[in-house]
Amino acid sequence: MKRLSVVKVLVLAVFLSVLVVPIQAQAQDKVITLKVANWFPIAHKQTPLLESWGKDLEKRTNGRVKVNYYPAGTLVPAAQSYDAVTKGISDVGNHVLGYTVGRFPLTEILDLPLGYPNNTVPTKLANAFYAKFKPKEFNDVKVLWLHAQAPGIVHSKTKPINKLEDLKGMKMRTYGSNARLMSLLGGTPVAMTMPEVYDALSRGVAEGLMCAYEATEGFRFGEQLKYSTENFATSYSAVFVVVMNKDKWNSMPPDIQKIIDTMSPEYIEKYAAMWDDIEKSGKAYLVKRGNKIISLSKEEETRWVAKAQPIFDDYVKKMKEKGLPGEEALKFAMDYLQPYRK
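Scanning the protein from N- to C-terminus turns up 12 helices and 11 strands. Projected onto its principal axes, the C-alpha positions of the protein cover 105 × 45 × 35 Å. Out of the 342 residues in the protein, the part that is buried amounts to 49%. Nonlocal contacts in the protein, meaning residues at least 24 apart in sequence, comprise 76% of its contacts between residues at least 6 apart. Surface summary for the protein: the accessible area is close to 16200 Å², and the carbon and sulfur share equals 57%. Of the charged side chains in the protein, 47 are positive and 36 negative; the average position of the first set lies 4 Å away from that of the second.

Pasting the structure below:
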């Protein structure tokens, strides 16, 4: 009887092992689906670049991750792209920090008119800043990488801007902290997202805007602009963050997490190169259309810089009130940019 019992136990063990192995294999082979949302229009080069990240991830994981890509705001509009990730509406999103003013207080320094000297340094600075400070304001997501537009300057539809006085009373599209800058420069800020600008210019709701050259081509509103003023000493950048839902990230196997972390530095470089490429293309686009490009004199640039100074003073003060290292953040950004200045 004892021998028969032993045999039964062995048979049962074999049966269970046969049953469990397929279940484990199925769990391991289960495909992870990611919903990736991007609000840029189809024709903009931001769209295929983020899409390529998804395809690249599918390839590197041998199909264990499947990416469903939603461009042109088809899943989530621009201003809600970060919240959509935290709520699980999308798993990965590309968000402009300036569309949610106050949400990312320490990192807002990067959107201020620091005077960005070239097209790729904003992206490099943004990622160096995150690596240095690891702001807690991003703790509700998994940050994949940051990137940032080329220098944002003044463009106008109705008249050339050669000096501060020319901006007085002009209705200029802004967003985030740039509204304060435009007020200090004498213009009248009109806040809106990029997808709204074309219609605003056509209806006269805005007479111009501050943006990088690339946006005039990527969003097509260069068709309505006539003048560009290169106020590089007070140029700003718009910082973006590509983030993943934290629960989604935590649910992924470690090997897939490692693949994603390996990809992120590569896409920092790709995004920096993309910004440089489309910025040069955007300026060439306006020049070809016959738009006038205006360079400010050194004396005039000094006037603009002086007007912008209260923005930095206020930033440091507000960060101190919040217990955040605003003075250190400002110094870090300025020191980082210094070697790139002419």
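Right, let's talk about helix α2 (residues 46-60) for a bit. The terminal C-alpha atoms of α2, which comprises 15 residues, lie 21 Å apart, in line with the 21 Å expected from a rise of 1.5 Å per residue. Among all positions of α2, only Q46, T47, L49, L50, W53, G54, D56 and L57 are buried. Those residues of α2 that are buried lie in contact with β1 (32-37), β2 (65-70), β3 (92-96), β4 (141-148), β10 (239-245) and α10 (254-288). Within two residues after α2, N62 carries a phi angle of roughly 55 degrees, on the positive side.

Read from one edge to the other, the open sheet built from 6 strands follows the order β7-β6-β8-β5-β9-β11, with strand pairing classed as mixed. Edge positions in the open sheet fall to β7 (188-191) and β11 (292-295), since each of these has one partner strand only. Each adjacent strand pair in this sheet contributes to an overall mean axis angle of 30 degrees, direction not counted. In this sheet, β11 lies alongside strand β9 (residues 227-230) in parallel orientation, the contact comprising 4 bridges.

A word on the packing of aromatic side chains. Taken as a whole, this structure holds 21 aromatic pairs when the rule is applied. Look at F129 and F133: their rings are 4.7 Å apart centre to centre, the planes differ by 40 degrees, and that puts the pair in the tilted class. One end of the pair is F129 and the other is F133, both in helix α4 (residues 121-133) and 4 residues apart, which spans about a single turn. Residues F129 and F133 agree in their burial class; the two are buried. Here Y175 and Y236 contribute two aromatic rings whose centre-to-centre distance is 6.1 Å and whose plane-to-plane angle is 55 degrees, an arrangement assigned as tilted. Taken as a pair, Y175 in the loop between β6 (171-174) and α6 (178-185) and Y236 in the loop between β9 and β10 lie far apart in primary sequence, 61 residues in all. Judged on exposure class, the residue Y175 and its partner Y236 are both buried.

Membership of the largest hydrophobic core comes to 92 residues, with the highest contact counts inside it found for W53, I109, M194 and F221. With 9 residues, the top contributor of residues to this core is α10. Leave out the neighbours within four places in its chain, and W53 touches L34, V36, V92, L144, W145, M244, I260, M263 and Y267.

This next bit is on the packing of helix α11 (residues 298-322) against helix α12 (residues 326-337). It is at 7 Å that the axes of α11 and α12 come closest, and there the two elements cross at 140 degrees. Relative to α12, α11 is oriented oblique. Residues F312, Y315, V316 and M319 of α11 lie in contact with α12, whose contacting residues are G326, E327, A329, L330 and M334. Considered class by class, the residues forming the contact of α11 with α12 number 7 nonpolar, 1 polar and 1 charged.

In this model, the protein carries a mean pLDDT of 92, and residues with pLDDT of at least 70 account for 92%. Here residues 18-27 is modelled with pLDDT under 50, and outside its nearest four sequence neighbours on either side it reaches 0 contacts, counting other chains as well.

Time to look at the environment of L167. With respect to the helices and strands, L167 occurs in helix α5 (residues 164-167). As a C-alpha pair, L167 and M182 span 15 residues in sequence and 8.7 Å in three-dimensional space.

Before going further, it helps to spend a moment on the packing of α4 against α12. Running from N to C, α4 and α12 point in directions that differ by 140 degrees, and their axes come no closer than 11 Å. Between α4 and α12, the interaxial angle falls into the category oblique. In this structure, α4 crosses over α12, and the sense of that crossing is right-handed. Contacts between α4 and α12 involve V121, K124, L125, A128, F129, K132 and F133 from the first element and E328, A329, F332, A333, Y336 and L337 from the second. Its residues placed into classes, the contact of α4 with α12 shows 10 nonpolar, no polar and 3 charged.

Alternating residues of strand β8 (residues 208-211) divide into G208 and M210 and L209 and C211, and every residue in both groups is buried. Alignment of β6 against β8, held across 2 bridges, turns out to be parallel. Paired with M172 across the two strands is G208, which belongs to β8.

Criteria and thresholds
- Counting restarts for each chain: residues are numbered from 1 in the order of the written sequence.
- The predicted origin of the model limits local features to residues at a pLDDT of at least 70 and limits the giving and counting of side-chain atom pairs to 80 or more, whereas totals for whole chains, interfaces and linings rest on all residues.
- Calculation of side-chain values draws on the structure's entire complement of heavy atoms; hydrogens and water are dropped beforehand.
- Secondary structure counts use DSSP, requiring at least four H or I residues in a row for a helix and at least two E residues in a row for a strand, with both numbered from the N terminus.
- Each residue's exposure class comes from its accessible area (1.4 Å probe, protein chains only) as a fraction of the maximum for that residue type: buried when under 20%, exposed when over 50%, partly exposed otherwise.
- Note on contacts: a residue pair is in contact if any heavy atoms of the two residues lie within 4.5 Å.
- Note on areas: Shrake-Rupley, 1.4 Å probe, and residue coverage restricted to the protein chains presented here.
- Positive charges come from Lys and Arg alone, negative charges from Asp and Glu alone, with His and the N- and C-terminal ends not counted.
- Where a charge sits is defined by one atom per residue type, namely NZ (Lys), CZ (Arg), CG (Asp) or CD (Glu).
- Take the residue count of a helix, subtract one, and multiply by 1.5 Å to get its expected span.
- Two strands form a pair only when DSSP identifies at least two bridges running between them.
- Helix axes are fitted only over the stretch in contact, all axes being lines through C-alpha atoms; the angle between N-to-C directions runs from 0 to 180 degrees.
- Only the six-membered ring of Trp is used, alongside the rings of Phe and Tyr, when aromatic pairs are assigned; centres must lie within 6.5 Å, and planes under 30 degrees apart are stacked while those over 60 apart are edge-to-face, with the rest tilted.
- Each nonpolar core is a collection of buried residues, namely Ala, Val, Leu, Ile, Met, Phe, Trp, Tyr and Cys, held together in the definition by side-chain atoms within 4.5 Å.
- When an angle is under 35 degrees it counts as roughly parallel; over 145 it counts as roughly antiparallel; between 65 and 115 it counts as roughly perpendicular; any other value is oblique.
- The nonpolar class holds Ala, Val, Leu, Ile, Met, Phe, Trp, Tyr, Cys and Pro. Asp, Glu, Lys and Arg form the charged class, and all remaining residues, Gly among them, are polar.
- Predictor confidence is given residue by residue as pLDDT, running from a minimum of 0 to a maximum of 100.
- Throughout, a crossing is termed right-handed when the near helix is turned clockwise from the far one, and left-handed when it is turned anticlockwise from it by less than a right angle.

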